[in-house]
Amino acid sequence: QEEWHVATGHKDLQCGIQAVLNQGVELVVISRGEQGALATNGDYVVDSSALANLDIAGTTGAGDAFMAAIISRLLPEFYKHGGSLRHIEKGTVQAALDFANVVGGLACTKAGAIPALPTTKEVDRFLASRRRQADPSFDGSTISRNALAEMIDHTFLRPYCETTDEIEKLCC
């Protein structure tokens, strides 16, 4: 809250968001620790709740982990939209925000900054576990296939592989 006031000149979150958007910022992303996170482009607002029931070892690096995760998810979208964040679809921003929230939350479960950063595998396991709790019939295969599909779009494999099946043949 104090940082927000210093950065925007507004104590009220909504007034601060509007002031930032009025300055030409295309997408505002705010991590709020135990209150979760939110993002808005002025046309929509997405919210992601903080993770519950975690054994907290420390919060050092959690914000940095969150920001690295959100940037890693939104940067490819920035390029897909011609160097703009303004027109990224709401669902895409929601998925990126949820992913970043998990990364930031899991970074709190270990001591230190760098040692606490979760791997993609740890994040996938956590998401699969949460999904299994919500849907006992979920077998976890969607997470790994989604991870492979992301490799097509976001890694060196793009010139060599056009489909998830082709990546599976190379990697698995």
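Below: a short report on this structure. Since this is a predicted model, take the numbers as computed values, not measurements. (Residues numbered from 1 in each chain as written. Predicted model: local features only at pLDDT ≥ 70, side-chain atom pairs only at ≥ 80, totals over all residues. Heavy atoms only, no water.)

### Focus on the side chain of N41
Next, step 1: Checked against the element boundaries, N41 lands in the loop between β2 (37–40) and β3 (45–48).
Next, step 2: Among the polar contacts listed, one links the side chain of N41 to the backbone nitrogen of Y44, at a separation of 3.1 Å.
Next, step 3: Leaving out residues up to four positions away in the same chain, N41 has contacts with L21, E26, L27 and R86. (Helix = DSSP H or I, 4+ residues; strand = E, 2+ residues; numbered from the N terminus. Polar contact = N/O pair within 3.5 Å; in protein donor to acceptor, adjacent residues only side chain to side chain. Contact = heavy atoms within 4.5 Å.)

### Let's talk about the nonpolar core
Next, step 1: Ranked by size, the top nonpolar core spans 23 residues in total, and within it I70, L74, V93 and L97 carry the most contacts.
Next, step 2: Elements represented by at least two residues in this core include exactly β2, α3 (62–80), α4 (90–106) and α5 (120–134).
Next, step 3: The element contributing the most residues to this core is α4, with 8 residues.
Next, step 4: Ignoring anything within four residues of it in the chain, the contact list for L97 reads V29, A37, L38, A39, V46, D47, S48, F66 and I70.
Next, step 5: Within the second largest apolar cluster, 6 residues are counted, among which are W4, I17, L21 and L38. (Core = buried A, V, L, I, M, F, W, Y, C linked by side-chain atoms within 4.5 Å. Buried < 20%, exposed > 50% of the residue type's maximum accessible area, 1.4 Å probe, protein only.)

### Re helix α2 (residues 13–22)
Next, step 1: Those residues of α2 lying buried are G16, I17 and L21. Buried residues of α2 fall within an arc of 135 degrees about the axis and therefore sit on the same side.
Next, step 2: Next to the buried residues of α2 lie α1 (2–8), β1 (28–31) and β2.
Next, step 3: Capping of α2 at its N-terminal end is provided by D12; its side-chain oxygen lies 3.3 Å from the backbone amide nitrogen of Q14.
Next, step 4: Downstream of α2 by a residue or two, G24 has a phi angle that is positive, lying close to 100 degrees. (Arc of directions from axis to C-beta.)

### A word on the sheet that holds β3
Next, step 1: Here 3 strands make up an open sheet; going across it, the order is β1-β2-β3 and the pairing antiparallel. This sheet does not close on itself; its edge strands, each paired only once, are β1 and β3. Put simply, the sheet's adjacent strands are angled 10 degrees from each other on average, direction ignored. (Pairing = 2+ DSSP bridges. Axes fitted to C-alpha atoms, helices over the stretch in contact; angles between N-to-C directions.)

### What to know about the packing of aromatic side chains
Next, step 1: Under the criterion given, the structure shown has 1 aromatic pair.
Next, step 2: With 5.2 Å between their ring centres and 75 degrees between their planes, F78 and Y79 make a pair best called edge-to-face.
Next, step 3: Residue classification places F78 among the partly exposed positions, given a relative accessible area of 25%. (Phe/Tyr/Trp six-rings, centres within 6.5 Å; stacked < 30°, edge-to-face > 60°.)

### Notes on α4
Next, step 1: In a regular helix each residue adds 1.5 Å, so 17 residues correspond to 24 Å; α4 covers 24 Å between its end C-alpha atoms and thus fits that length.
Next, step 2: V93, A96, L97, F99, A100, N101, V102, V103, G104, G105 and L106 are the residues of α4 that are buried. (Expected span 1.5 Å × (residues − 1).)

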